[in-house]
Structures are given as structure tokens and as C-alpha cells.
Amino acid sequence: MRLTTKGRFAVTAMIDLALRQNNGPVTLAAISQRQQISLSYLEQLFGKLRRHDLVESTRGPGGGYTLGRKAAEITVADIIVSVDEPIDATQCGGKENCLGEAGRCMTHDLWASLNTRMVEFLDSVSLQKLVDEQLAKGVQIESKPMVKRAISSMPVVKPMRITGPNSVFALGNVFAKS
């Protein structure tokens, strides 16, 4: 079994969200910037997380995402399964047709047992535990979310108004009248 970036990024983004949601809804743009994850990829992941009620979205100015339930009630297995990440070490995907018509391979039970253990482990790790580990490592959480505004803080400079001719033809007309 190999955990792909889909599962890794989903867990990482959920930790980031859980760390910062006390300051209000967290934008995907802020998570994207902090965790170096593509914004469009986060949008796809959070759509799936929202459909599984792991996150809630708030629209409008000051909007973003918050956890759908307490961090202690969300497990890593919940997150990984919600983004369609398979937790399966068998070659057949658990269908017991590893050898096609001949049935299961000789190691099917071994891999099925590994699947059970992986799910049990991931189900035993809560999002709150991961958040607590980050806080113990000294992760700094900014008190105000970083907001990048489209409006510049520089003063507006009014363009100079020129009353002279605006083309060669107009300039020629000025000289013709003189």
C-alpha cells in the first residue's frame, strides 16, 4: 500500500485548518501558501471533505473553512477515506480474484491482515493528536490570518492632464492656425 499525495495533502491541510480555525474560517489560499499545496488541488480535496462532513464552508468576505466536528472526533482514516484514497495492500483490491479465475493468491490473507492493521492504526490517530504534536513542536500560529488584499495601500496618483494636441495631425492643425 502506498499513500499518495492526495491522502498526504488532505491530512496536512486538515492539521493546518485545525491549528488555525480558532481565529475564524481559514481560507484555502492561506493553507495553500503555508503548506505549498496547489490551490486548485486543495479545492478538489475540500469538496470531498465537505461532502463527508469533515469540514464546513462559510461564503463571502471573511469566509473559509472550519472543521465539521471536533478535531478529537476526526481520525486520519476518516480523512483518507473521504478523499477516495484506497487503504488496500492486496493486489486484487480485496475482491479475492488475485489470480483471475483461479481465485486468491497465496499471500492474500497476509495483505488483507495488513489492511486491517493499517485501518485500525489510522483509525486510532485523531486529528487532535496530530494538532497537539505540532503545538508541542512549537509551531507558531499567527494571531491574525494573513490577508492579501487586491487593493494597494499606496496612495492613488492622479494622472496629469495634458491640454496640448494628442496626435501629429492635431499638432499640425495647431501650427496651421498660427
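For the structure itself, consult the block above.
Let me begin by describing the structure that accompanies this report. (Residues numbered from 1 in each chain as written. Predicted model: local features only at pLDDT ≥ 70, side-chain atom pairs only at ≥ 80, totals over all residues. Heavy atoms only, no water.)

With that out of the way, let us pick up the nonpolar core. Of all hydrophobic cores here, the largest spans 34 residues; its most connected members are M14, L17, F46, I79 and L127. Put simply, the parts of the chain that give this core at least two residues each are α1 (5-20), α2 (28-35), α3 (39-51), β2 (64-67), α4 (76-82), α5 (108-124) and α6 (127-136). Element by element, the count of residues in this core is highest for α1, at 8 residues. (Core = buried A, V, L, I, M, F, W, Y, C linked by side-chain atoms within 4.5 Å. Buried < 20%, exposed > 50% of the residue type's maximum accessible area, 1.4 Å probe, protein only. Helix = DSSP H or I, 4+ residues; strand = E, 2+ residues; numbered from the N terminus.)

Attention shifts here to the pairing of β2. As paired strands, strand β1 (residues 55-58) and β2 are joined by 4 bridges and run antiparallel to one another. Within the sheet, the bridge partner assigned to S57 lies in β2 and is Y65. Where β1 folds back on β2, the antiparallel hairpin that results is connected by 5 residues, among which G60 adopts a positive phi of roughly 90°. (Pairing = 2+ DSSP bridges.)

Let us look at the pattern of salt bridges. All chains considered together, the criterion is met by 4 salt bridges. The salt bridge partner of R69 is D78, with a shortest N-O separation of 3.1 Å. Residue R69 is classed as partly exposed on the basis of its relative accessible area of 30%. Judged by relative accessible area, D78 falls into the partly exposed class, the value being 25%. Ionic contacts of the salt-bridge type, sharing partners, join the residues D16, R20 and R34 into one network. (Salt bridge = Lys/Arg side-chain N within 4 Å of Asp/Glu carboxyl O.)

Moving on to the packing of α1 against α3. Between α1 and α3, the least distance of the axes is 10 Å, while the angle of their chain directions is 80°. By the angle between their axes, α1 is roughly perpendicular relative to α3. Each of T5, K6, F9, A10, A13, M14 and L17 in α1 lies in contact with α3, whose residues at this interface are Y41, L42, L45, F46, K48 and L49. Looking at side-chain class alone, the contact of α1 with α3 contains 10 nonpolar, 1 polar and 2 charged residues. (Axes fitted to C-alpha atoms, helices over the stretch in contact; angles between N-to-C directions. Parallel < 35°, antiparallel > 145°, perpendicular 65-115°, else oblique. Contact = heavy atoms within 4.5 Å. Nonpolar A, V, L, I, M, F, W, Y, C, P; charged D, E, K, R; others polar.)

Considered for burial, the residues of α6 that qualify are L127, L130 and V131. The buried residues of α6 occupy an angular sector of 100° when the element is viewed end-on, so they sit on one face. Contact partners of the buried residues in α6: α1, β2 and α4. Directly after α6, the chain includes G138, whose backbone phi takes a positive value near 90°. (Arc of directions from axis to C-beta.)

Honestly, it's all geometry; don't read function into it.
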